[in-house]
Amino acid sequence: MVLNMDSTIPIYVQIAEWLENEILNENLKVNEKVYSQYKLADMFTINPATAAKGLNLLFEEKILYNKRGLGKFVSTEAMDIVLEKRKNHKLKGLLKEAVQEAVRLQVAEEELLGMFKQILNESKGE
Amino acid sequence: MNVIECEGLVKKYGSLNALDHISFSIKENTITGLIGRNGAGKTTLLKILAGFWRETEGTITVFDRRPFNNLEVSMNSIFVDDMMSFTNTLNLKELLSEAQAFYPNWDAELAERLLGYFNFNPRLVHQSLSKGKRSTFNMIVGLAAKCPLTIFDEPTTGMDRAVRKDFYRALLKDYLLNPRTIIISSHHLDEMEDILEDILLIDEGKKVLQLPVDELKEYAVTLSGRTAVVMQTLQDKEVIYKRNVDIDNCSVVVRNNFLHGEVKQLGINVSPVTPSDLCVYLTKGQGGGIDDVFNKSKSV
């Protein structure tokens, strides 16, 4: 549960992703209160304003909702939104990068698909 | 609410402008990192804020008052650096209990706990401490005073890495419990950037920029690749720093205000610039880099 301070990804996005993972793992359930900005600041040794920015990101994406004076809570649709977002943005982005590298290395389509299937099978076997 | 308002501030030493018409403001209950090269004017600025030194021109208000010689500002602020002088007639423990009389919010329990945690012998005098220990003690005073405006000028001088890490963590934890306005100047931006909210970068007495740390992280990117290709893409970009890796390759730091996709497609590598490196690039003089000093055959 350590942030990667040297990563390209801004800290507040990493906080948002960490919370998304907590939702995916069901450590945070629907209608459950999420950590406050101060708690997150303490947990990760970051400025509370940075933590608030991470929380706000999830609020804007409707993964969290606000209860006035009580804090932020996991929305009913949270899981679906996170899954959808991870698929369409993160996974697609990673695949795109892999394809671009394949093009640079002049790997043929069939070879690339073969590699892809092999990796898929390997990870199924685990 | 702004705790500090500064407009066209000038500090002259003879004919030199140590501060050159600097204007900025600092919000209440934020942690700001004051960053700049040696001689940029950091200490001068902080000492004026604390009311120790008098400004030459311009206006400066701290808690809506001019800080110089102002009792109210003095009472509500503390300035911590490695030159803090304490009497030798009192030992460390006595110093801490005397401090209580000067600071209305003094947290005696925190001071004592920190003194114990950092393994101080409470019967020593301040002058007998090593450089790092002295900085650590001063930091304890700075934290325990709980002043609405807390200023640390190079607080980590001489501290080893472990103590520095503890200091940043202690500062953050105490800030979470007792929010207050904190300004820290330091050369260790990479170590403390995560606990900061804003960064104020100054150079030659002028403000270069003031931004939330998150935005500073996304302020610029490095483009690296074949010089010919990289140069092609620079027309519509704001170049901050340029370096030739070898004859054919170069890396260029540019403002991050364009879409990376098309650049990447040309085979150019786009990588982030750490705030710490960015501050160095932004304050580099026009004289080129250290390499030029060694480059005798330079023919420009």
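All values derive from a computational prediction rather than experimental measurement. (Residues numbered from 1 in each chain as written. Chains lettered and ligands numbered in written order. Predicted model: local features only at pLDDT ≥ 70, side-chain atom pairs only at ≥ 80, totals over all residues. Heavy atoms only, no water.)

1. With respect to the environment of V230 of chain B
All names here are of chain B. Relative to the elements of secondary structure, V230 occurs in helix α9 (residues 227-232). Note on V230: relative accessible area 0%, which makes it buried. Separated by 112 residues in the primary sequence, V230 and F118 have C-alpha atoms spaced 51 Å apart. Not counting chain neighbours up to four residues away, the residues in contact with V230 comprise L223, S224, G225, C250, V252 and I268. (Helix = DSSP H or I, 4+ residues; strand = E, 2+ residues; numbered from the N terminus. Buried < 20%, exposed > 50% of the residue type's maximum accessible area, 1.4 Å probe, protein only. Contact = heavy atoms within 4.5 Å.)

2. Re the sheet that holds strand β12 (residues 249-255) of chain B
Residues and elements named next belong to chain B. Spatial strand order, β11-β12-β10-β13: 4 strands in an open sheet with antiparallel pairing. The outermost strands of the open sheet, each flanked by one partner alone, are β11 (239-244) and β13 (269-272). Sheet twist, expressed as the average angle between the axes of neighbouring strands with direction ignored, equals 20°. Of the strand pairs in this sheet, β11 and β12 are connected by 5 bridges, and their pairing is antiparallel. Paired with N244 across the strands is C250, a residue of β12. Helix α11 (residues 275-282) rests against β10 (220-226), β11 and β12 of the sheet, and its axis sits at about 95° to β11. (Pairing = 2+ DSSP bridges. Axes fitted to C-alpha atoms, helices over the stretch in contact; angles between N-to-C directions.)

3. Observations regarding the domain arrangement of chain A
Residue and element names in this part refer to chain A. Segmenting chain A into domains produces domain 1 (11-78) and domain 2 (79-124). Using C-alpha coordinates to define each centre, domain 1 is positioned 29 Å away from domain 2. Interface area, domain 1 with domain 2, both sides summed: about 940 Å², of which 55% is carbon and sulfur. There are 4 salt bridges connecting domain 1 and domain 2. Note that E17 is salt-bridged to K90, the shortest N-O span being 3.6 Å. If you tally residues by element for the side of domain 1 that touches domain 2, the top one is helix α1 (residues 11-24), at 5 residues. (Domains from an automatic or database assignment. Buried area = accessible area lost by both parts, 1.4 Å probe. Salt bridge = Lys/Arg side-chain N within 4 Å of Asp/Glu carboxyl O.)

4. What to know about the packing of aromatic side chains
Counted by the stated rule, this structure contains 12 aromatic pairs over all chains. Taking the centre distance of 6.4 Å and the plane angle of 25° together, the rings of Y103 of chain B and W106 of chain B count as stacked. Note on Y103 of chain B: relative accessible area 18%, which makes it buried. A residue is classified by how much of its surface remains accessible, and W106 of chain B, at 8% relative accessible area, is buried. Taken together, the ring pairs in this structure connect W18, Y35 and F44 of chain A into an aromatic cluster. (Phe/Tyr/Trp six-rings, centres within 6.5 Å; stacked < 30°, edge-to-face > 60°.)

5. Description of the sheet that holds strand β4 (residues 57-62) of chain B
Neighbouring strands of a sheet are bound in pairs by backbone hydrogen bonds; such pairs are parallel or else antiparallel. Residue and element names in this part refer to chain B. Read from one edge of the open sheet, 3 strands run β2-β1-β4, paired in antiparallel fashion. With partners counted over all chains shown, the strands left at the sheet margins are β2 (16-27) and β4, one partner each. Between one strand axis and the next, the sheet turns through 15° on average, direction left out of account. Direction of pairing for strand β1 (residues 2-13) relative to β4: antiparallel, over a ladder of 5 bridges. Directly across from E5, in β4, lies its bridge partner T61. Running at roughly 125° to β1, helix α1 (residues 42-49) makes contact with β1, β2 and β4 of the sheet.

6. Comments concerning the nonpolar core
Residues and elements named next belong to chain B. Membership of the largest hydrophobic core comes to 56 residues, with the highest contact counts inside it found for W106 and F137. In terms of residues, this core owes the most to one element, helix α6 (residues 161-177), which gives 8 residues. Contact partners of F137, with chain neighbours within four places excluded, come to F86, L92, L95, L96, L115, F120, H126 and L129. Residues L19, L46, L49 and I151 belong to the second largest nonpolar core, which totals 25 residues. (Core = buried A, V, L, I, M, F, W, Y, C linked by side-chain atoms within 4.5 Å.)

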